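Residues per chain, in single letters:
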Amino acid sequence: MAVQRSGRAARTRGLLIGALASLLLLGAVACSAIPTAGGGGPTTLKIGVSGPLTGPNADWGLSMRGPLEMAAEEIQQQGGVDVGGKKVNFQIVMYDDKFAPADAATVVNRLISQDGIPIIFGPTTGAAVEATMPIIKENNALQLHSGFGTTLVNPNFPGSFRITLTPPEYCSDWYQWVKANRASVKRVALMGPNDVVGRGSVEPCEPAVKAAGLTSESFYYERSMTDFTPVLTRVLAGQPDAIDLTGAAPAEAANIVKQLSQMGFKGLTMKSGGSAIAAIAQVAGPAANGHLYFEQVADTTDKVQKFYADFKKRYNANPEAFAPVYHDALLWLAAAMNKAGSTDAPKVRDTLEKLPFDGPYVGKTQWGRGAEYGIAHQMVGAGHVVEWQGGAGKVVGEFNVDPK
Amino acid sequence: MSVVAQLLVNAITLGLIYVLVSLGFNIVFGIMDVINFAHGMFVMWGGFLVFSLAVGAGLGFVPALVLATVTVGVGGLLIERGVLRRVVGRPAAGLVITLGLSIMMQNIALAVFGPDPRAVPLPVDGAVDVFGVVLPAQRLLVAGVALVALGLLYVFLMRTNAGRALRAVAQDPEAAALQGVDRNRMYALSFGLGTALAGLAGALMGPLLSVNLGMGDDPLLKAFVVVVIGGLGSISGTAAAGMLLGLLDSTTQYFVGAGAADLVAFGAMVVFLLVRPQGLFGSTEERS
């Protein structure tokens, strides 16, 4: 049975291959600008953001843009930041980087060169951060990102700071807690995507699991994957007591927890690298009960719950767990400008790196981990182990990340 | 035994989804000469529609599945009438237009449904004991529905006048037109049918995985592989290649690792292009 004329087979086959190549290079599609509200005071300073606003990771971009806009409005309502005797408000200017390194580099170049904005939040995925760090350095700009990866806090790139905690900073604390509080866990399967984010999350956890007296096996999957059952069949063959989806993106983690349940897995699921609990609870339903996840800002307090509710009301989406961190990071930046008496990126950077901060959501925090990364540009502070039970999270553990 | 059975069920379910997606892709390609870059987005819309109808509107899964499939097919038909008919026979223009459509459809879905992934409940849960082997009931149900759909498609293409007319246009549009077949109607039918199959695949994937904005990306890439291995325009080749790819994917991920699955799939595509460019069931005269 055939539904194609044979005479055009060779031509169309060539076209098909060309189309496939184009599809694989789709990331080169031009960026779309999403200018956002803010500012309005005597002086308005534009703050750039590079993050995904379209595609399957658009929720991450919204969880960057939303909190920054909310923080900018709070600053405006308080009359602006005092910078050298002048009041300054912020306007958030975000472009869509599609979660792709090439697009992120384009976005950061555009923000710096065309828009004249040298202070930039994001990107939020490791590969994209890696692509933008040299541009930040070359332009003596300032970057506050949230990418996972052990090379993304780096003395060769002094303009880049990481505002979120990542597994290398707290894996040992996490697995010491698991060992002490989940006695049935002896074997752990670590899972992550096969890229800088996944490997940057899984690999640092391997020695931490071992140091806690547990055994581990690591598994990687491709980002494009939607059906995880084949790889989970392999994972379950090792009979793990717990499966840690440390580097998985929200949609991936949600699918995996759901499919593990379908396959009859009765052990513990957890996500030491970030939360993604909104997606997991949404997709996995009751299978998410007992799931452990990490939160830099515990979402169980009234204050944080209100922040989440405000976000949801305004943007019609659930915020990612890192959303309050972005909110506080803008306040931290404002405090640095206030202290520096300048909005000049190098001066703000030099002040910021010495400035501890007490944020409304992240609490007491500072820059640290200089011994580990060679430069103390990693945000350190409290971390929480949260258990999902009956439709809500409950903080079951807390630790403070060692600033050294 | 249990692992082998599990791998087989994985392979069959995965393969059937690949077959559904790839058949739609191949029918459109074979008849209209249009490489539908937006095909994965029709998969995604099928998923979101089944979610909206089953969860939002409270219909059962099966009515939601049928309605979602039909709605996506009608949407495809309208797109063909409004846009693609003008570029039939101009593959490069069709490629660019469907690329634009793909981006538009994803961003419309983002605006309508939001960025969060969604879950679609199935009427069955748990596991089924088949000769001592425990198999997930949901996968068996999805495999069953996909098989029924493929059976109906076969009957439509082989036993109905519209199906014969479709095949006639595919083989020789001029001769078909001389026999009184309305080519434009056949183009609309092929695009509607192709997109309905994509919508059905998305609606079936929803309960097994989750409904999200990126759910059509991987199936679209796999459709390229299946179409090359199965043979351009070959229905039976597509079915065989889809099942073969499901088996390759499932076993490679288990025995070697997930990262190797794409390597094997695209490696197989390259080998076929070099050694048997007409695909599994393509005719040898195509070589010339």
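Just so it is clear, the model here is predicted, and its values are computed rather than measured. Numbering of residues starts from 1 in every chain and runs along the sequence as written. To label them, take the chains in the order written and letter them from A, then take the ligands in the order written and number them from 1. Whole-chain, interface and lining totals are the exception, using all residues; otherwise, since this is a predicted model, local features are given only for residues with pLDDT of at least 70 and side-chain atom pairs are given and counted only at 80 or more. As a rule here, side-chain values come from all non-hydrogen atoms in the structure, and water together with hydrogens is ignored.

**A word on empty space enclosed by the protein**
For clarity, the threshold we go by: Method remark: on a 1 Å grid restricted to protein atoms, a set of points is classed as a cavity if a 1.4 Å probe fits but cannot get out and as a pocket if it is open with protein on both sides within 12 Å along at least five of seven lines; lining residues have an atom within 4 Å of a point. Grid points are joined across faces, edges and corners, and a volume is the space filled by probe spheres set on the points. Starting at the N terminus, helices and strands are each numbered in turn, a helix being any DSSP run of H or I of at least four residues and a strand any DSSP run of E of at least two. Classification used: nonpolar for Ala, Val, Leu, Ile, Met, Phe, Trp, Tyr, Cys and Pro, charged for Asp, Glu, Lys and Arg, polar for all others including Gly.
Taken as a whole, this structure holds four cavities of 30 Å³ or more when the rule is applied. Roughly 350 Å³ of internal volume is contained in the largest cavity. Lining the largest cavity we find 28 residues, and of these A:Phe148, A:Gly273, A:Gly274, A:Ser275 and A:Phe322 sit closest to its centre. Each pocket or cavity is described by its volume, and for the second largest cavity that value is around 200 Å³. Forming the boundary of the second largest cavity are 19 residues, of which A:Thr226, A:Asp227, B:Leu14, B:Tyr18 and B:Asp218 lie nearest the centre. Breaking the lining of the second largest cavity down by element, the ones donating at least two residues are helix 1 (2-32), helix 8 (183-208), helix 9 (217-230), helix 10 (235-255) and helix 11 (258-275) of chain B. In terms of residues, the lining of the second largest cavity owes the most to one element, helix 1 of chain B, which gives four residues. For the lining of the second largest cavity, a count of residues per class yields nine nonpolar, four polar and six charged.

**A look at the state of the cysteines**
As used here, a disulfide is simply a covalent bond connecting the sulfur atoms of two cysteines. Residues and elements named next belong to chain A. Basically, it comes down to this: The criterion for a disulfide is a pair of cysteine sulfur atoms lying within 2.5 Å. The buried label applies to any residue whose accessible area, calculated with a 1.4 Å probe on protein chains only, is under 20% of its type's maximum; exposed applies above 50%, and partly exposed to all values in between.
All chains considered together, the criterion is met by one disulfide over all chains. Each disulfide pairs two cysteine sulfurs, and for Cys 171 the partner residue is Cys 205, the sulfurs being separated by 2.1 Å. Within this pair, whereas Cys 171 is found in helix 5 (residues 167-181), its partner Cys 205 is found in helix 6 (residues 196-211), the two being separated by 34 residues in sequence. Accessibility assignment for this pair places Cys 171 and Cys 205 in one class, buried.

**Structural notes on the layout of surface pockets**
Quantified by volume, the second largest pocket comes out at close to 700 Å³. Elements supplying a minimum of two residues to the lining of the second largest pocket: helix 7 (229-237), helix 8 (250-262) and helix 9 (277-284) of chain A together with helix 1 and strand 2 (133-136) of chain B. Considered class by class, the residues forming the lining of the second largest pocket number 18 nonpolar, nine polar and two charged.

**Let's talk about the pattern of salt bridges**
Residues and elements named next belong to chain B. To be explicit about the condition: Each salt bridge in this description consists of a side-chain nitrogen of Lys or Arg and a carboxyl oxygen of Asp or Glu lying within 4 Å of one another.
Taken as a whole and assessed by the stated rule, the structure comprises 17 salt bridges over all chains. Arg 183 serves as the salt-bridge partner of Glu 174, at 3.9 Å between the closest nitrogen and oxygen. Relative accessible area serves as the criterion here: at 49%, Glu 174 is assigned to the partly exposed category.

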